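# Remarks on the overall topology
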Amino acid sequence: MSQFKYSYNAIVYSQEPVATSFDRLSRYGYDAIELIGERGQDEKLINQLVSDTGISVSSICSIWFGDRDLVHPDAATRQKGIDYGKSMADFAASVGAPTIIVGPSPVGKTAALASDEQEWAWAVENVREIGEYAASVGVEITLECWNRYETYFLNKLDKAVRLVKDTGLTNAGVHGDMFHMNIEEVTIDGAFREAGSYLNHVHIADSNRAAPGTGHTDFVPTVRALKDIEYSGFVTFELLPASADPFAMIARNGHLQFLDQYTELAITTMRAAEKSVAGK
Ligand code: LER
Ligand code: MN
């Protein structure tokens, strides 16, 4: 069975030149990098690094904070969310990334501001608009589920699958992040299996959101589930320091083990789990 394609989320690399990140990923045998979803990055340099190192851009980790809200009662706020999503699709297209992450309601908004029916209708309409735009520039979207302390809106993969179905989009899927799934799903491998062909992106992390191999997660059932459903997307490590505000920790250099040490350990641990599954 073919090996996974591995990618690493660049949030913990944000204090260094992007060339250093591409070089590290190349040294440890990665296929790709997941870039932070903010414009203003040097797209020409990124494309040069892609061609020099063979490390591609797997995905754009859009930052759905603040007024980037597709289900807000204020129409102008919803429009900001739509515009941001489209801008992420443009960014993805400009660096050859196949996928952008979409969160219909932002991180930190933990209660609805309108009825469930109304919010669902806005989510369907606005995710569809971003998805159709993304399709026009050759990009897929993936709906990420977050835990209850970050959002009330999409916590579990089954709800995200329902949203994808309601949009009717053919370039959309769902995104399971093991950190959130560890809190919300009955089992992580079971939720991946149920999502099946709707799963088009994953964020892999150990129970403590650090590199696989540092916490108490057994990655073998996860690997087996992804293989069984013939998951063909990128296996992306999104590893963050243990803080309610990981960005502040990174700014204070509280993330140094996430550079070489965890970049190496993450892929080594997952490859060992792949080997163990292949051997059975
Ligand atoms: C983003 O990928 C994510 O998982 C969220 O926890 C962001 O806060
Ligand atoms: Mn995530």
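For clarity, every value in this text was computed on a predicted model and none was experimentally measured.

## Focus on the pairing of strand S2 (residues 32–37)
Among the six residues of S2, six are classified as buried, and the element is accordingly described as predominantly covered. As paired elements, strand S1 (residues 5–9) and S2 share three bridges and run parallel to each other. If you follow Asn9 over to S2, its bridge partner there is Glu34. Following the backbone out of S1, through helix H1 (residues 18–27) and into the adjacent parallel S2, one traces a crossover that is right-handed. With six bridges connecting them, S2 and strand S3 (residues 56–62) associate as parallel partners. Paired with Ala32 across the two strands is Ser56, which belongs to S3. What joins S2 to S3 is helix H2 (residues 43–53), and the crossover it makes is right-handed.

## Focus on the packing of H2 against helix H3 (residues 75–95)
Following both chains from N to C, one finds H2 and H3 inclined at 40°, their axes separated by 9 Å at the closest point. Taken together, H2 and H3 sit at an angle that is classed as oblique. From H2, Glu43, Ile46 and Asn47 reach across to H3, where they touch Phe91, Ser94 and Val95. Of the residues in the contact of H2 with H3, the class split is three nonpolar, two polar and one charged.

## Observations concerning the UniProt feature "domain: Xylose isomerase-like TIM barrel" (unreviewed entry) in the protein chain
UniProt annotation of "domain: Xylose isomerase-like TIM barrel" (unreviewed entry) refers to residues 22–240 when read in the numbering used here. Helix makes up 43% of residues 22–240 and strand 17%, whereas the separation of the span's terminal C-alpha atoms amounts to 19 Å.

Rules used in this analysis
- Residues numbered from 1 in each chain as written.
- Chains lettered and ligands numbered in written order.
- Predicted model: local features only at pLDDT ≥ 70, side-chain atom pairs only at ≥ 80, totals over all residues.
- Heavy atoms only, no water.
- Buried < 20%, exposed > 50% of the residue type's maximum accessible area, 1.4 Å probe, protein only.
- Helix = DSSP H or I, 4+ residues; strand = E, 2+ residues; numbered from the N terminus.
- Pairing = 2+ DSSP bridges.
- Right-handed = clockwise from strand over helix to strand, strands pointing away.
- Axes fitted to C-alpha atoms, helices over the stretch in contact; angles between N-to-C directions.
- Parallel < 35°, antiparallel > 145°, perpendicular 65-115°, else oblique.
- Contact = heavy atoms within 4.5 Å.
- Nonpolar A, V, L, I, M, F, W, Y, C, P; charged D, E, K, R; others polar.
- UniProt positions renumbered as here; feature names shortened; annotations may be inferred.

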